[in-house]
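Listed below, chain by chain, are the residues.
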Amino acid sequence: MEVSEYSILKITDSIIRQNTAKSGGGISCSPSANVVVSECIIDQNIATRWGGGIGVSGLKWGNVEINHCTITRNSASERGGGVYAFIEGSRFTLSNSIVWGNSSNTTHHEFSGIGGKIVITSCDIRDGLDGIDREPDEWFIYEGNIDEDPLFVDADRGDYRLKRQSPAAEMGPQSSVGGALSVTSVGKRLVKWAELKRR
């Protein structure tokens, strides 16, 4: 899903899955995009360069907020298997979310952040600060986060609800979207972004 220049977009209670792009396999944000993503599952997306789940490239005038999302099993060829955020003068916020089990061909599989204002609060991120690629002298806030297995019900079957004993109970989607694939859904189906563009 590409969020183009000067766009304003809110995505909620959705599953973004199995898409491929150069940057931002699941969601790609332009420098002037204003995006809020909440209560979503972003999984199994591929970026041929950076940002398997979410790619934010050169954000200058917009803002990106991700809250109560699960970002997992995405991959990037270069950096930021889960999230890639290149911020120039704007702000990127990640809160109350789970970033776990993503991969890239570099050392930081979960999150790659460069420049600007990056705020990460109350999240479960695999490898903690070690799982985050960032420039040491840049404006960066990292508070109230954990690095513990979120204990998905059945990740292999796409059920990202959390088990009762999960240490990340207040993180990730709090709606029913986490188990959307584990129950029969009447009148609903997953649609890939490519299908929407063909219509």
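Above this text you will find the structure in question.
Examining unusual backbone geometry
(1) Moving on: Within the chain, Glu39 stands out as a residue other than glycine whose phi angle is a positive 55 degrees.
(2) Moving on: Here Glu39 is to be found in the loop between strand E6 (34–38) and strand E7 (41–43).
(3) Moving on: According to the relative accessible area criterion, Glu39 is buried, its value standing at 18%.
(4) Moving on: Even without being glycine, Arg73 reaches a positive phi, approximately 60 degrees.
(5) Moving on: When you line up the elements, Arg73 lands in the loop between strand E11 (70–72) and strand E12 (75–76).

A word on the sheet that holds strand E1 (residues 2–3)
(1) Moving on: Strand order in the open sheet formed by 6 strands is E1-E5-E9-E13-E17-E20, and the pairing between neighbours is parallel. Among the strands making up the open sheet, the edge pair consists of E1 and strand E20 (132–133).
(2) Moving on: Alignment of E1 against strand E5 (residues 27–29), held across 2 bridges, turns out to be parallel. By the bridge assignment, Glu2 is partnered in E5 with Ser28.

Some details on the sheet that holds E12
(1) Moving on: What the 4 strands build is an open sheet, ordered E4-E8-E12-E16; its pairing is parallel. In the strand order of this sheet, the two ends are held by strand E4 (20–23) and strand E16 (103–104), each with one partner.
(2) Moving on: Bridge count for strand E8 (residues 46–50) against E12 is 2 bridges, and the pairing is parallel. Along E12, the bridge assignment pairs Ala47 with Ala76.

Cut-offs used in this document
- Residues numbered from 1 in each chain as written.
- Predicted model: local features only at pLDDT ≥ 70, side-chain atom pairs only at ≥ 80, totals over all residues.
- Heavy atoms only, no water.
- Helix = DSSP H or I, 4+ residues; strand = E, 2+ residues; numbered from the N terminus.
- Buried < 20%, exposed > 50% of the residue type's maximum accessible area, 1.4 Å probe, protein only.
- Pairing = 2+ DSSP bridges.

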